[in-house]
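The residues making up each chain are set out below.
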Amino acid sequence: MAALIDARRLVVKIGSALLVDRTTGDLKQDWLHALAEDVAEIKARGADVILVSSGSIALGRGVLGLGRSELALEQSQAAAAVGQIRLARAYEEALAPHNLLTAQILVTLEDSRDRRRYLNQRATMETLLSLGAIPIVNENDTVATDEIRYGDNDRLAAQVAVTIGADQLILLSDVDGFYSANPGQDPTATRFDVIDEITSEIEDMAGDAGSGLSKGGMKTKLMAAKTAVAAGCAMAITEGSRNNPLKSLENGAPATWFTPQIDPQAARKRWIAAMKPTGEITVDSGAARALKSGKSLLPAGVHAVSGTFGRGDAVAIKDAENHTLGQGLSRYTAQEAHAIKGRQSAEIEAILGYPGRAALIHRDDMAL
């Protein structure tokens, strides 16, 4: 079974009901500061942490006097615009005493469906983590419509975990795990400590019960688990209302762990390898040796470019003898790749007219 203390890259999802008082609409400051203590401790042992946080609409509706009734789309977006400022500031103030920097990232479902946006999002989060920052991710409710939204932060958190290659995802919830039935309605319901496979029987056990402030029920959590474990990420559902909920989980608090069968890197490589390439990049012998030793593909090692592909599209990588070495996701269009092939990375800006990324295909986006 996975253990939080082993996490190397951790995504934590925080629901509205944990952050915002349902009666007053105020932020639960004591709870948030206790969470910040947990995050600081995890960061201190060298792990990356990403927080996926609800709460902007719940905070904003109170400020705007919108009450607790169902909101129209434009009211939700207005509440999010007001609440998001307060939410970001609250995280900044809670983490600052621990010398931790925060960054705000707002996304929509469309961002993960579009490969170019997906890669840009991934690169931004990777850079923030490399600089020691804590990304605070939320759905961009001010612009999202029903057609381009996740609708709940359970699935958003799972997508973030996939995007960033996390090895663990923790859903802080109002229940302490996944039960055979709704424990609030069925006294015979039992909690699963570990679920190794999400079977049809497990899916049938999921209900839709959720709190008045959150949109995610157990079905959305199960959907998140399926997404996470398929990408090699273990996922836990645990009760989050107590102070220091991550420390409590680490110390053995009740939870349900969903276990993956492969690790995140292997899952990503398998995904890339299964994609249909839309072009080819031929490399010289030096670049071929560098790739086999785990290096990224730089423009200097590219001998030829063929096909029509955009940024983020899969391309086949071949050696000078036309043997396929593997494939990867290009960080440049076919036209751009043709223009910079054989050139040094320092020359990219002069050739294209803007500073580009040093690698044409990064090693994390490559399956050999």
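Now for a look at the structure at hand. Computed from a prediction, not measured in an experiment: that's the story for all the values here. (Residues numbered from 1 in each chain as written. Predicted model: local features only at pLDDT ≥ 70, side-chain atom pairs only at ≥ 80, totals over all residues. Heavy atoms only, no water.)

**Side note on the overall build of the protein chain**
What counts, and what does not: A run of H or I in DSSP becomes a helix once it reaches four residues, and a run of E becomes a strand once it reaches two; helices and strands are each numbered from the N terminus. We compute the radius of gyration over the C-alpha atoms and compare it with the globule rule, which gives 2.2 Å times the number of residues raised to the power 0.38. Per-residue accessibility, obtained with a 1.4 Å probe over protein chains only, is compared with the maximum for each type, and a residue is labelled buried under 20%, exposed over 50%, and partly exposed between these values. For this analysis, residues touch if any pair of their heavy atoms sits within 4.5 Å. All accessible-area figures derive from a Shrake-Rupley calculation using a 1.4 Å probe, and residue coverage is judged against the displayed protein chains alone. None of His or the chain ends enter the tally, which takes Lys and Arg as positive and Asp and Glu as negative. Where a charge sits is defined by one atom per residue type, namely NZ (Lys), CZ (Arg), CG (Asp) or CD (Glu).
Check the secondary structure of the protein chain and you find 14 helices and 15 strands. What you see for the protein chain is a C-alpha radius of gyration of 22 Å, in line with the 21 Å of a compact globule of 368 residues. Projecting the C-alpha coordinates of the protein chain onto the three principal axes gives extents of approximately 65 × 45 × 40 Å. Split into buried and exposed, the 368 residues of the protein chain put 51% on the buried side. Long-range contacts, defined as pairs at least 24 residues apart, comprise 72% of the intrachain contacts of the protein chain with a sequence gap of at least 6. In the structure as shown, the protein chain presents an accessible area of about 16,700 Å², 48% of it carried by carbon and sulfur atoms. The centroid of the 39 positive side-chain charges in the protein chain is displaced by 5 Å from the centroid of its 46 negative side-chain charges.

**Description of the pairing of strand S11 (residues 279-283)**
Inclusion rule: One bridge is not enough; two strands pair if DSSP finds at least two bridges between them.
Of all five residues that make up S11, four are buried, and the element is covered over most of its length. Looking at chain direction, S11 and strand S12 (residues 302-307) are connected through five bridges and run antiparallel. By the bridge assignment, Ile281 is partnered in S12 with Val305. Pairing of S11 with strand S13 (residues 314-318), which is carried by three bridges, proceeds in the parallel orientation.

**Quick word on the sheet that holds strand S4 (residues 134-139)**
Applied cut-off: Note on definitions: angles span 0 to 180 degrees between N-to-C directions of axes, and those axes are lines fitted to C-alpha atoms, for helices only across the stretch in contact.
Taken in spatial order, the eight strands make up an open sheet running S3-S4-S2-S1-S5-S9-S10-S8, and their pairing is mixed. Looking at the sheet topology across the chains shown, the edges are occupied by strand S3 (102-107) and strand S8 (194-195). Docked against the sheet, helix H6 (residues 115-130) engages strand S1 (9-14), strand S2 (48-53), S3 and S4, running at close to 170° with respect to S3. Sheet strands in contact with helix H7 (residues 153-164) are S1, S2, S3, S4 and strand S5 (168-173), and its direction is about 165° off that of S1.

**Describing unusual backbone geometry**
Positive phi, normally seen in glycine, also occurs at Asn99, with a value near 60°. Here Asn99 shows up in the loop between helix H4 (73-95) and S3. Overall, the relative accessible area of 72% leaves Asn99 in the exposed class. Unlike most non-glycine residues, Asn244 shows phi in positive territory, near 55°. Summarising the element assignment, Asn244 is placed in the loop between strand S9 (234-239) and helix H10 (245-250).

**Examining the packing of helix H2 (residues 29-44) against H4**
Rules: Note on terminology: angles under 35 degrees are roughly parallel, angles over 145 are roughly antiparallel, angles of 65 to 115 are roughly perpendicular, and the others are oblique. Whether a crossing is left-handed or right-handed is set by the direction in which the near helix is turned from the far one by less than a right angle, anticlockwise for left-handed and clockwise for right-handed. Throughout, the ten residues Ala, Val, Leu, Ile, Met, Phe, Trp, Tyr, Cys and Pro are labelled nonpolar, Asp, Glu, Lys and Arg are labelled charged, and all others, Gly among them, are labelled polar.
Contact geometry of H2 with H4 gives a least axis separation of 9 Å together with a crossing angle of 55°. Taken as axis vectors, H2 and H4 run oblique relative to one another. Between H2 and H4 lies a crossing whose hand is right-handed. Residue-level inspection shows Leu32, His33, Ala36 and Val39 of H2 in contact with H4, the latter providing Ala90, Tyr91, Glu93, Ala94 and Leu95. Split by residue class, the contact of H2 with H4 holds seven nonpolar, one polar and one charged.

**Quick notes on the packing of aromatic side chains**
Using the following cut-off: Only centres within 6.5 Å qualify two rings of Phe, Tyr or Trp (six-membered ring in Trp) as a pair; their planes then separate them into stacked at under 30 degrees, edge-to-face at over 60, and tilted for everything else.
Tallying each qualifying case throughout the model produces three aromatic pairs. Relative to Trp271, the ring of Tyr118 has its centre 6.0 Å away and its plane inclined at 70°; by these criteria the two rings are edge-to-face. Separated by 153 residues along the polypeptide, Tyr118 in helix H6 and Trp271 in helix H11 (residues 264-273) bring together distant segments of the chain. The class of Trp271 is partly exposed, set by a relative accessible area of 36%. On the numbers, 6.3 Å between centres and 75° between planes, the contact of Phe178 with Phe258 is edge-to-face. Here Phe258 lies in strand S10 (residues 255-258) and Phe178 lies in strand S6 (residues 178-179), a separation of 80 residues in the sequence. Judged by its relative accessible area of 0%, Phe178 falls in the buried class. A relative accessible area of 0% means that Phe258 is categorised as buried. Among the aromatic residues, ring-to-ring pairing joins Phe178, Phe192 and Phe258 into one connected group.

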